[in-house]
Amino acid sequence: MGTVPLEKTPQLGVANQRFWIEGEPGALYGGAVHYWRLDPEKWSEILDTVVAMGYRMISIYIPWEVHELERGRFDFGEVNPANDIDAFLSLCEEKGLRIVVRPGPQINSELTGFGYPQRILADESLHARNARGTRVVLTQAPRPIPALSYAADKFFEETALWYDAICPILARHAYPKGGLVACQVDNEMAYFFGLNYYSSDYSETSIEKYRAFLAEKYGSLAEISKAHRTRYDALEDVDPPRKFCARQPGDLPVYLDWAEYRESYLVDSIARLADMLRERGLASIPLFHNYPHPLGPGGASSNFTTPFNLIALERVVDFVGFDVYSRKELFQHVKTVTSYVSGSSRYPYIPEFIAGVWAWYLNPGDLRDEEFVTKAALMHGIKGFSRYMLVERDRWLDSPIRRDGTVREDKAHVFGQANRMLDRLDWQHMDLLAPVVLLANRDYDRLEAASVLVSFPGDFLETPCTFSEYPNILTVDESDIGFQQPVQLAKRDWFGAWYENLEQSRAGFVISDTEADLEQLAQRRIVVLTTFEFLSAQTQQTLVDYVRQGGTLILGPTIPTLGADMEPCTILSDALGGNSAGSARLGEGSVHVVVSPGDMAAVLGQVLADLGETPVTVDNPLLRSTIHLNSTNPKDVVVFIANPTDEPQTATVTAESPIVACQDAWSGEQLSSTGPLMCELPPYTVHAFRIALD
Amino acid sequence: MLHANAQMLDIDVDQWRAAQDLILHSGKAAPRLVIIHDHGRVQKARFSDGEPLPNAPTSITDPRRTAAELFAEFSGRVEFVMVMERDAVDDYFARVQGAWTIDTDLDDFVTIMFAALDDDPEGIVVHPGPASGQLGLQWRLGWGHEEIVTKVTSTISPDSWLVLGSHDVDRLVASLLIHFDEDLEVDLFTTAAPERIDLIGGREEVLERLIDLVRQQGGRVGFALSVEHQLAPELLAATDKARVIAAHPGEVTVRTP
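The rules we used
- Residues numbered from 1 in each chain as written.
- Chains lettered and ligands numbered in written order.
- Predicted model: local features only at pLDDT ≥ 70, side-chain atom pairs only at ≥ 80, totals over all residues.
- UniProt positions renumbered as here; feature names shortened; annotations may be inferred.
- Helix = DSSP H or I, 4+ residues; strand = E, 2+ residues; numbered from the N terminus.
- Buried ≥ 20, exposed ≤ 12 C-beta atoms within 10 Å, placed from the backbone.
- Contact = placed C-beta atoms within 7 Å.
- Pairing = 2+ DSSP bridges.
- Axes fitted to C-alpha atoms, helices over the stretch in contact; angles between N-to-C directions.
- Parallel < 35°, antiparallel > 145°, perpendicular 65-115°, else oblique.
- Left-handed = near helix turned anticlockwise from the far one by under 90°.
- Nonpolar A, V, L, I, M, F, W, Y, C, P; charged D, E, K, R; others polar.
- Domains from an automatic or database assignment.
- Arc of directions from axis to C-beta.
- Core = buried A, V, L, I, M, F, W, Y, C linked by C-beta atoms within 7 Å.
- pLDDT = per-residue confidence, 0-100.

Looking up chain A in an unreviewed UniProt entry gives the name Glycoside hydrolase superfamily, with the organism given as Propionibacterium ruminifibrarum. UniProt's Sequence similarities (unreviewed entry) comment on chain A is quoted here verbatim: "Belongs to the glycosyl hydrolase 35 family."

Set out below in C-alpha cells:
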C-alpha cells in the first residue's frame, strides 16, 4: 500500500499495488502446471494451450519429495525425464511465459507427503507437539501426516540440502537472465491447518522460542512476571497456556502473548526460509507467501487475522496473498478475503485461484462457481493470480486442461474470457475506489482465538468433533471476563454490523487490520474500527496520529482505557478529552464514537457525505458494485456490478457526467447507450463495464 | 487397505459429486445441539446454527441423561445432541494423534480415531449414539472397516477392479471404479466420464460399457454392480446387501466377469 513515486518504480518488484516488470506494471495472470505429474512429451502442447487462453505466467510447485532420491542426492531428469525442471523452465521461457516458482519446502500439491520426503516426516525430532505434548497429525488423503516444527534448527538444516540443490537451477532462470520473476516461500504456512490456538507448537524448541520472544518483548523476567500476573523464578518456568481459564482482564496477557507468538512463529519461519533463498541466488526477484483460504468452500466468513499476519509478513517478504476457492453462494466470503488482501497487501495477488477442485471437497462446485468467484474476487481489487490448477492431474478434478493435453472447451472459454476481460479493462492501470477501510481488531481476534474451549488438530476430511478450526460461536468461551460484554463474541457482531452498514451506504471500502501502520492508514480517508475496553497502546497511538493529520476515525462502542497488557492506557481517551460519545475534532481530523449498532448508519451517512459524489452509481440495493479509476485518466472508469442473490436483478447505472462510451468488458461489445446504462443480471452473475465519461 | 500413494485420476466431477452424495454424510453439516462443559460446569449450550439453548443447564452431573433428555425435547430440530467435557475432548485428540505412525494407512487411522470416540462414554456423549456413528465425516456403507476388509478379501481378487454404478432411469449418474493392487490395497480411483463412455442407456447396457472401458485399458474387472439410483441409499445402508438385492430383482445388476 505504500505509494512509491512513479519514477522510482522498480525494474522488477512490487509497488503501488502493481507487479513491475521491466519498469512497467505487469499482468501476472497465470496458472499452475505440475510438470512432474505430466508426460514430458505433452509439456509443449499443454503450454501452447495455456498461452492460447491468454495466460502470461506459469506457476510451478517444485516437490522436494519427488526430486530427492536419498538424503542429499536428487534427480532433475537424469532418472525420470518428468523431473527435468530445468528443461521445463526453459520451455516456459521459449513460449514467452513469465515464471513463478514455489520450491517449498512444504508445497502440499496434494502429494502424500505435502512435498517433504518421507524421512523428514518420520523424524520424531522434527515433529510439532500439541498442548498435551503428543504429536500433531493432519488427517488428509491418502495418508495422515505429522505437523513439522518450524522451530527446529534441524528442519532448516535439512531444507538447506534441498535448497542447495534446486536454487542453482532456479538462479540460472531468474530475471533478468530468464523468465523467473517471483518465488513463493513455503506454502499455506498455518501449523499444518492446526489453526486451533492450542493445537501447536508446544515442542521443546518452540517453547524455548516463545520464552525468547517474551524476553525480547518485555526486556526482563520481572517484566514478564508483571505482565503475566505471576512470579517466574527463571525464564524456564514460563510455560505457554494450554487451556483457556481466564476470569478477569488481568488473566489475559499470557493468552494474548501466546497468540502473538503464534503469529511471529510463522513470520519468523518464512523470514528464515526467505533469507536462505536469497543467499542461494534468488535475491533479485520478489519473494512472496500464500496463506490458505479460510477453510475453503462453506468455511469461515472472515478469520483472516491471527495466526496469520499479512502485514507483518510483508515486512520480510515482498507480498502475501490468501488463496481463494469458494462457491457462488458465498459472495460475502469472497468479498471479505479479497477486500482484505487488496486493503492490506502491497500487491493484491491470489496465489491459488479457483480452477477445478480438490478431490475431497464435499459437494464440489462447477464452472458457474468458478466464473462468479473469479469476477467477485477481481472486482474487489485483485491485480494478479495463479489459477490452481490449469492442468488436471492426480487428486485434482475438472481443470480447463486434462492431463493428456485435451481441453475442456467450456472451461477454456470462460477462463480465457476472464483474461481477455482484464485486457479490455486495462486492469493494470486501474485503482479500486475505496476511501474507507474497515479494520479488524487483531487484539480481539487474538482473544477470540485463545478463548476456544476445546483443542483439536486440522482435518481435511472433517474433524470428529464437528467444529470449525476457526473459532466461532460454537467454540469460544461466552463469559465476559470482567468486561461489559464478552469481547471475544461481541467483536464479531460489531465487525459484521460495520460491514453491513458500509455495504448499505454504497461506500467503496476495503478491509485491513490493526497491524496497519500510519502510512497504510493514511491511504484512506476514513478508518472504521470496533473498540471495547482495551486496545494496545501502539494501535491507540497510531489512530490518534492518523486523525491528527487529517483522517476521519469512526469507532465504538467503547473508548478503551486499558492497553492489551490490561494496564491503564488512555491515549485515545485523553486525545478525546474524556468524551465517550458523539463527534469531536482532533488536529486536522475528526473522531466519531458510535455506542450502538443502530447509530452506525446515521454516523456513516454524515461522514460519507463529506466525500462527495462517486463518478458512477448503481441503483439496486440488492446488488453490490465497485468502481475503479484509471490512474492516468480519471474519466476512464470501470464498474463491476454483482448479483449475489438467487433471483434475477436489474440495475441502472448513472454517471456524474455524460457517458461517451461504454463497453461490456466480458463480451467486448460496445454499448450504444450514452444515457443511464440499464442491465439485467441473472442470479449469481457479475458484469463489468468500462465507461468513458465526458 | 488404502495405498499410501493411492491415485485419483480422470474423475468426472458430476459423477464424483453424485457418488459423494450417496456415500458421505457430514456430521459438521448436521443440525445438532452442542453442550460443552468443564467437569460439569456448562460453558456452551447452543444449536449448531448459533442459537442459544433456552433454559440451558448450568451444570451437568449425568451427561448421558442430559443428552437423552435434550434430544427428546428437540428431536424435531436436531439430528443429535453432543455433550462434551473439555478435558475429555483434549485428551481424546491427544491420544489419537499419539497413536499415529508413519506407516499408518488413512483408513486404519480414521478407524482408530472414530473407535476412540466411544472410549470415554461420559466425556464425549452423543445421543442418539454412539459418538462414532454420528460425528465427523460418516461413510454410509452399512459395514464397518473390518467387515469391508473381510468382504474385499473374499470377493475381490488381486490386481482387479471394483466397478460401482448408480443409474437413474436412462442415465448413469454416479460411479466409482476402484483398482485393488496385488496386496488388495486400493491404489487407484476413477469414475465414468462422458468423454470416455456414453452414460446414456439402460442400466445393464451402461454397466457393460463400464466393464469394457476397464478392459480396453488392460484392466480386469473382479466385481461390478449397478443399482437404480432410488434404491442406492437403501443398498448402501444395509448390512445384509444380498437380501436387498434379492428383494429388488429388477433394480440391481451384478457382474462377476
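Anyway, onward from the coordinates.
Draft legend 1. Fine view of the overall build of chain A. A tally of regular secondary structure across chain A gives 18 helices and 32 strands. In terms of overall dimensions, chain A has C-alpha extents of about 70 × 70 × 50 Å along its principal axes. Counting across all 694 residues of chain A, residues that qualify as buried make up 58%. Looking at chain A alone, contacts between residues at least 24 apart form 77% of all its contacts between residues at least 6 apart.

Draft legend 2. Spotlight on the sheet that holds strand β8 (residues 160-168) of chain B. Residues and elements named next belong to chain B. Taken in spatial order, the six strands of this open sheet run β1-β10-β9-β8-β11-β12, and their pairing is mixed. What marks the edges here is a single partner per strand, and that holds for β1 (2-8) and β12 (252-255). Between one strand axis and the next, the sheet turns through 15° on average, direction left out of account. Direction of pairing for β8 relative to strand β9 (residues 171-180): antiparallel, over a ladder of nine bridges. When the bridges of β9 are listed, D168 appears paired with R171. Along the sheet, helix α6 (residues 203-216) contacts β8, β9, β11 (221-228) and β12; its crossing angle with β8, the most-contacted strand, is approximately 150°.

Draft legend 3. Spotlight on the packing of helix α3 (residues 86-98) of chain B against helix α4 (residues 106-116) of chain B. All names here are of chain B. Viewed as axis vectors pointing N to C, α3 and α4 meet at an angle of 155°, and their least axial separation amounts to 10 Å. Regarding the angle of α3 to α4, the classification is roughly antiparallel. Viewed along their axes, α3 and α4 form a crossing whose handedness is right-handed. Listed contacts from α4 to Y92, R95 and V96 of α3 are I112, M113 and A116. Its residues assigned to classes, the contact of α3 with α4 comprises five nonpolar, no polar and one charged.

Draft legend 4. Highlighting the sheet that holds strand β24 (residues 589-593) of chain A. All names here are of chain A. Ordered in space as β20-β19-β21-β22-β24-β23, the six strands form an open sheet in which the pairing is mixed. In this open sheet, the two edge strands, each paired with only one partner strand, are β20 (509-513) and β23 (582-586). Going across the sheet, the axis of each strand differs from the next one's by a mean of 20°, ignoring polarity. Across four bridges, the pairing between strand β19 (residues 436-440) and strand β21 (residues 526-531) is parallel. In the strand pairing of β21, L439 is matched with L529. Across the sheet, helix α16 (residues 537-548) is in contact with β21, β22 (552-557), β23 and β24; its angle to β24 comes to roughly 125°.

Draft legend 5. Structural context of the domain arrangement of chain A. Residue and element names in this part refer to chain A. By the assigned domains, chain A splits into domain 1 (25-121 + 147-191 + 258-428), domain 2 (436-609) and domain 3 (616-693). Of note, the centres of domain 1 and domain 2, computed from C-alpha atoms alone, are 32 Å apart. Across the contact, 20 residues belong to domain 1 and 18 residues belong to domain 2. Where the side of domain 1 that touches domain 2 is concerned, the elements lending two or more residues are α8 (252-282), α9 (310-313) and α10 (331-344). Here the element with the most residues in the side of domain 1 that touches domain 2 is α10; it accounts for six residues. A class-by-class count of the residues in the side of domain 1 that touches domain 2 yields nine nonpolar, ten polar and one charged.

Draft legend 6. A look at the domain arrangement of chain B. When the domains of chain B are assigned, the result is domain 1 (2-24 + 143-255) and domain 2 (28-135). Computed from C-alpha atoms alone, the centre-to-centre distance between domain 1 of chain B and domain 2 of chain B is 33 Å.

Draft legend 7. Region of the structure containing the interface of chain A and chain B. Chain A puts 42 residues into the contact, and the matching count from chain B is 46 residues. Its residues placed into classes, the side of chain A that touches chain B shows 23 nonpolar, nine polar and ten charged.

Draft legend 8. Structural context of the pairing of strand β26 (residues 624-630) of chain A. Residues and elements named next belong to chain A. Counting buried positions along β26 yields five of seven residues, so the element is predominantly enclosed. Across seven bridges, the pairing between β26 and strand β27 (residues 633-643) is antiparallel. Of the residues in β27, the one forming a bridge with I627 is V639. Hairpin connection, β26 to β27: the antiparallel pair is bridged by two residues.

Draft legend 9. Quick look at the UniProt feature "domain: GLMA-like second" (unreviewed entry) in chain A. Sequence positions flagged by UniProt for "domain: GLMA-like second" (unreviewed entry) are, in local numbering, residues 502-584 of chain A. Taken as a whole, residues 502-584 of chain A contains 30% helix and 24% strand, while its terminal C-alpha atoms sit 21 Å from one another.

Draft legend 10. Region of interest: the UniProt feature "domain: Glycoside hydrolase 35 catalytic" (unreviewed entry) in chain A. Here the UniProt-annotated "domain: Glycoside hydrolase 35 catalytic" (unreviewed entry) positions come out as residues 19-130 of chain A. Here residues 19-130 of chain A runs as 28% helix and 21% strand, with 39 Å between its end C-alpha atoms.

Draft legend 11. Representation of the environment of A:L543. The topology assignment puts A:L543 in helix α16. If we ignore the near neighbours within four places in the chain, the residues touching A:L543 are A:L553 and A:L572.

Draft legend 12. Expanded view of helix α1 (residues 13-23) of chain B. Turning to α1(B), its buried residues are B:Q15, B:W16, B:A18, B:A19 and B:L22. The buried residues of α1(B) occupy an angular sector of 165° when projected down its axis, which confines them to one face. The secondary structure elements touched by the buried residues of α1(B) are β17 (396-397) of chain A together with β8, β9 and α7 (232-237) of chain B.

Draft legend 13. Representation of the packing of helix α5 (residues 153-173) of chain A against α8(A) within the structure. Residue and element names in this part refer to chain A. Interhelical geometry of α5 versus α8 gives an angle of 40° and a closest axis separation of 9 Å. For the element pair α5 and α8, the recorded crossing hand is right-handed. Along the contact surface, α5 presents F156, T159, A160, Y163, D164, C167, P168, L170 and A171, while α8 presents R272, L273, M276, L277, R280, G281 and L282. Its residues assigned to classes, the contact of α5 with α8 shows eleven nonpolar, two polar and three charged.

Draft legend 14. Inspection of the nonpolar core at higher detail. Core analysis: the biggest nonpolar cluster contains 290 residues, and A:I99, A:V324, A:L438 and A:V639 have the highest contact counts within it. Residues contacting A:V639, with those up to four places away along its chain left out, are A:V616, A:S625, A:I627, A:V653, A:F689 and A:I691.

Draft legend 15. Just the environment of B:E79, in detail. Residue and element names in this part refer to chain B. By the element assignment, E79 lies in the loop between α2 (63-74) and β5 (80-85). Through-space distance from the C-alpha of E79 to that of L135 is 11 Å; in sequence the pair is 56 residues apart. Among all residues touching E79, those that are not within four sequence positions of it are A30, P31 and R32.

Draft legend 16. Just unusual backbone geometry, in detail. All names here are of chain A. At the junction of G104 and P105, the peptide bond is cis and its omega measures out at 20° in the coordinates. Note that P105 resides in the loop between β8 (98-102) and α4 (118-121). Residue M389 is reached from Y388 by a cis peptide bond, and omega for that bond is 0°. If you trace the backbone, M389 turns up in the loop between β16 (384-388) and β17.

Draft legend 17. Spatial organisation of the confidence of the model for chain A. Residue and element names in this part refer to chain A. Of the residues in chain A, 98% have a pLDDT of 70 or more, and the chain-wide mean is 95. This stretch, residues 1-6, has a pLDDT under 50; its non-local contacts, to residues over four places away or in other chains, come to nine contacts. In the predicted structure, residues 296-300 sits below a pLDDT of 50 and forms 13 contacts with residues beyond four places in sequence or in another chain.

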